[in-house]
Amino acid sequence: MSNALPIFRRVLRESWRGTLGWTVGVAAVLFMYLPLFPSIGGNGQTQQIIDSLPAELVDALGYDQIGTGAGYAQGTFYGLIGFLLLTLAATSWGAGAIAGAEESGRLELDLAHGVGRVGYALESAAAIVVRLAWLGVFAGAIVAMLNGSAELDIEPIHIIDVTVVFVGLTSLAGMSALFVGALSGRRTWGIAAGAGIAVAGYAFNAIANQVEDAAWLRAISPYSWAFHQPPLMEGLNPAGAISLWGVSLVLIAGSAWALRGRDVIG
């Protein structure tokens, strides 16, 4: 593998069909939910239903602003279904990049052909981020396209804002899976780490929204970093975005360190 960025290019080349599948899934969800807003959200009936529910449940689900177009898109896609889809993709890719390659024997073969361990980890991480960025930008493009016809009334710049934190949040799950996979060499452990940080972040945010004394949980919840200040309605929270991407970079560096120092040849 003498060409530049061999792992990065190979991953993108071999994963395009899977990425296409995730792209179709994102499009299907958006085209299914967003056009419904004028009939179930824009007429005020949805907000009336939400107002009739227990406030704790509404706060936990983040549905307090679902009567607005921005709140509807945030609550149905970015904060729930889209978050689930991209987290699943990121966790699968992160766990498979190093740990999955090690379990299949491919990692040992690549390293034997002169691919550096640090480069392997960094290129694997870059391939994950690029694919997630594609999905995030694609989702943003569909939201922008439906913005008028679905009567969402979202500020275009806020679509960029939500894309930055949406990709950052799901990348953090992917990098957690990558790091634990590099550290342990076990794909299942990587999956547990990626899924665990996503579930914990969502749960901490929900608890903080319900219990005033637990508001401090937002400080350790990546989900809160992304969405406590709703980016589709209020714009980007720089501190939250920096936290998401900063932790992801630390995990990428940790993955390179873990792979560099561990015996994978045996």
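Residues numbered from 1 in each chain as written. Predicted model: local features only at pLDDT ≥ 70, side-chain atom pairs only at ≥ 80, totals over all residues. Heavy atoms only, no water.

Draft legend 1. Local environment of the overall build of the protein. Helix and strand counts for the protein stand at 13 helices and zero strands. Each helix and strand of the protein, placed in order from N terminus to C terminus, yields the pattern α-α-α-α-α-α-α-α-α-α-α-α-α. Across the 266 residues of the protein, 48% fall into the buried class. In the protein, the proportion of contacts linking residues at least 24 apart, taken out of those at least 6 apart, comes to 77%. With an accessible surface of roughly 12100 Å², the protein has 66% of that area assigned to carbon and sulfur atoms. (Helix = DSSP H or I, 4+ residues; strand = E, 2+ residues; numbered from the N terminus. Buried < 20%, exposed > 50% of the residue type's maximum accessible area, 1.4 Å probe, protein only. Contact = heavy atoms within 4.5 Å. Areas by Shrake-Rupley, 256 points an atom, 1.4 Å probe, with all protein chains shown as cover.)

Draft legend 2. Structural detail: the confidence of the model for the protein. Mean pLDDT over the protein works out to 91, with 89% of the residues at or above the 70 mark. For the protein, helix 5 (residues 55-61) is the element with the lowest average pLDDT, namely 59, and helix 9 (residues 156-184) is the one with the highest, namely 98. (pLDDT = per-residue confidence, 0-100.)

Draft legend 3. Structural context of unusual backbone geometry. Of note in the backbone geometry, leucine 5 takes a positive phi value of approximately 50° without being a glycine. Following the sequence through the fold, leucine 5 ends up in the segment before helix 1 (6-14). Residue leucine 5 is classed as partly exposed on the basis of its relative accessible area, which comes to 46%. The phi torsion at glutamate 151 lies on the positive side, around 55°, for a residue other than glycine. As for its position among the elements, glutamate 151 is in the loop between helix 8 (117-146) and helix 9. Overall, the relative accessible area of 51% leaves glutamate 151 in the exposed class.

Draft legend 4. Here's a closer look at the packing of helix 8 against helix 13 (residues 238-261). One can describe the packing of helix 8 onto helix 13 by two numbers: an axis separation of 7 Å at closest approach and a directional angle of 145°. In the packing of helix 8 onto helix 13, the handedness of the crossing is right-handed. Of the residues in helix 13, those in contact with Arg117, Val118, Tyr120, Ala121, Leu122, Ala125 and Val129 of helix 8 are Trp245, Ile252, Ser255, Ala256, Leu259 and Arg260. Taken together, the residues that form the contact of helix 8 with helix 13 break down as ten nonpolar, one polar and two charged. (Axes fitted to C-alpha atoms, helices over the stretch in contact; angles between N-to-C directions. Left-handed = near helix turned anticlockwise from the far one by under 90°. Nonpolar A, V, L, I, M, F, W, Y, C, P; charged D, E, K, R; others polar.)

Draft legend 5. Layout of helix 2 (residues 16-33). End to end, helix 2 covers 26 Å across 18 residues, agreeing with the expected 26 Å (1.5 Å per residue, within 8%). Every buried residue belonging to helix 2 is among Thr19, Thr23, Val26, Ala27, Val29 and Leu30, and all of these are buried. Taken around the axis of helix 2, the buried residues stretch over an arc of 160°, which confines them to a single face. With respect to the buried face of helix 2, the exposed residues turned more than 90 degrees away are Arg17, Val24 and Met32. Looking at the buried residues of helix 2, the elements they touch are helix 6 (69-104) and helix 8. (Expected span 1.5 Å × (residues − 1). Arc of directions from axis to C-beta.)

Draft legend 6. Inspection of the pattern of salt bridges at higher detail. On inspection of all chains with the given rule, the structure shows three salt bridges. The shortest N-O distance in the salt bridge between aspartate 110 and arginine 10 comes to 2.8 Å. Remark: arginine 10 occurs in helix 1 and aspartate 110 occurs in helix 7 (residues 106-112); sequence separation between them is 100 residues. One salt bridge in this structure joins arginine 262 and glutamate 102, with 2.7 Å as the shortest N-O distance. (Salt bridge = Lys/Arg side-chain N within 4 Å of Asp/Glu carboxyl O.)

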